[in-house]
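Structure at a glance
Chain by chain, the residues run as shown.
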Amino acid sequence: EAGVAQSPRYKIIEKRQSVAFWCNPISGHATLYWYQQILGQGPKLLIQFQNNGVVDDSQLPKDRFSAERLKGVDSTLKIQPAKLEDSAVYLCASTRDRGRWDTEAFFGQGTRLTVV
Amino acid sequence: AQKVTQAQTEISVVEKEDVTLDCVYETRDTTYYLFWYKQPPSGELVFLIRRNSFDEQNEISGRYSWNFQKSTSSFNFTITASQVVDSAVYFCALSLASGTYKYIFGTGTRLKVLA
C-alpha cells in the first residue's frame, strides 16, 4: 500500500509570510496527526483528527496555526504569519484504527520549513 | 505527567559492535503502550516495535532486541552486530489508553555506526 504522502518536502519563507502543508494519509486510515519536530527534539503533537473531526488540538498555537481535514481524507496545515521559531519539520502520520491507543502510526517524510 | 527520557543524545560505534539505546518513561497510568521508531536521513519515522504495559517479555527480532522492565520504567533497545545502515535517530514513545491516544516522544538518540 502507498505510504503517507506529504508536500512540499522543503519550504523557505520569510517571517510574517504564510505557508501551507499538505498530507494524504494511507487509504482507509481514520486517524491523522500533525507533529512538529524542532531540530534535536522529538516530535510534538499539534493536532489529531479522527475522520474529519478534531480530537486534540491542545498544543496547536491557534493564533497562527490552523488545520483542516475535509471529507476525512487529506489534510492541510497552515501557518499565518510565520515566526522564526516555527522552523521545524512538520510530520504527518496516520493510524488504521479509529482512536486505538495500541496501534503503530505510519509517518510521512515530513516538510522541512525554514523561516528566515 | 507523562514523559519519555532518552538521555543519550548521540552514540557512535564501530560496525559489528553491540549498542544499547536507553529509554525511561514516566506515567501514572497502568495501561499503556511503548514504541520504538527509527528515523533515517530520509525523514520518515519507521515503526520498529510496540509493547504493552502488561507484557514484560523481552523480544528479539533478528539483530534487534528489546528489554522492558516496569520496575525501573525502562524500555531499552539493543542492536547486536551493528551495521552502517543502522545509522539513524531512534525515538522511544509512550501511548496511553486514557486520553486521546497521542504519542509522547522522547528527544531521540542519534546512532552513528562507523565502517
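Residues numbered from 1 in each chain as written. Chains lettered and ligands numbered in written order. Predicted model: local features only at pLDDT ≥ 70, side-chain atom pairs only at ≥ 80, totals over all residues. Heavy atoms only, no water.

1. Some words on the overall build of chain A
Looking only at helices and strands, one finds zero helices and eleven strands in chain A. Mapped from its N terminus to its C terminus, chain A presents α and β elements in the order β-β-β-β-β-β-β-β-β-β-β. Judged by the C-alpha coordinates and their principal axes, chain A covers about 40 × 25 × 25 Å. Per-residue burial over chain A gives 48% buried out of 116 residues. A separation of at least 24 residues holds for 53% of the contacts in chain A among residues at least 6 apart in sequence. A total of about 5700 Å² of accessible surface is found on chain A, and carbon and sulfur atoms cover 47% of it. Within chain A, the 12 negative side-chain charges are centred at a point lying 4 Å from the centre of the 15 positive side-chain charges. (Helix = DSSP H or I, 4+ residues; strand = E, 2+ residues; numbered from the N terminus. Buried < 20%, exposed > 50% of the residue type's maximum accessible area, 1.4 Å probe, protein only. Contact = heavy atoms within 4.5 Å. Areas by Shrake-Rupley, 256 points an atom, 1.4 Å probe, with all protein chains shown as cover. Lys, Arg positive; Asp, Glu negative; His and termini not counted. Charge placed at Lys NZ, Arg CZ, Asp CG, Glu CD.)

2. A look at the state of the cysteines
Working definition of a disulfide: a covalent bond connecting the sulfur atoms of two cysteines. By the definition in use, this model includes two disulfides over all chains. One disulfide in the model links Cys23(A) with Cys92(A); its S-S distance is 1.9 Å. Handedness here is read from the sign of the S-S torsion; for Cys23(A) and Cys92(A), about -70°, the answer is left-handed. Of this pair, Cys23(A) sits in strand 3 (residues 19–24) while Cys92(A) sits in strand 9 (residues 88–95), and the two are 69 residues apart along the sequence. Judged by relative accessible area, which is 0%, Cys23(A) ranks as buried. Between Cys23(B) and Cys92(B) runs a disulfide, and the two sulfur atoms are separated by 2.0 Å. (Disulfide = S-S within 2.5 Å.)

3. Things to note about the side chain of Asp86(B)
Tracing the backbone shows Asp86(B) in the loop between strand 9 (74–79) and strand 10 (88–96). Contact partners of Asp86(B), with chain neighbours within four places excluded, come to Lys38(B), Arg63(B), Tyr64(B), Ile79(B), Leu111(B) and Val113(B).

4. Regarding the nonpolar core
Residue and element names in this part refer to chain B. Within the largest apolar cluster, 26 residues are counted, with the highest numbers of intra-cluster contacts made by Trp36, Trp66, Phe77, Tyr90 and Leu111. Contributions of two or more residues to this core are made by strand 2 (10–14), strand 3 (19–21), strand 5 (32–39), strand 6 (46–52), strand 8 (64–69), strand 9, strand 10 and strand 12 (109–114). Top element by residues in this core is strand 10. It accounts for five residues. Apart from residues lying up to four places away in sequence, Trp66 is in contact with Trp36, Leu48, Ile49, Asn58, Glu59, Ser61, Phe75, Asn76 and Phe77. (Core = buried A, V, L, I, M, F, W, Y, C linked by side-chain atoms within 4.5 Å.)

5. Thoughts on the pairing of strand 6 of chain B
Residues and elements named next belong to chain B. Direction of pairing for strand 5 relative to strand 6: antiparallel, over a ladder of six bridges. Its bridge partner lying in strand 6, Tyr37 is registered against Phe47. The antiparallel hairpin formed by strand 5 and strand 6 contains six residues in its connecting segment, where Gly43 sits at a positive phi of about 110°. (Pairing = 2+ DSSP bridges.)

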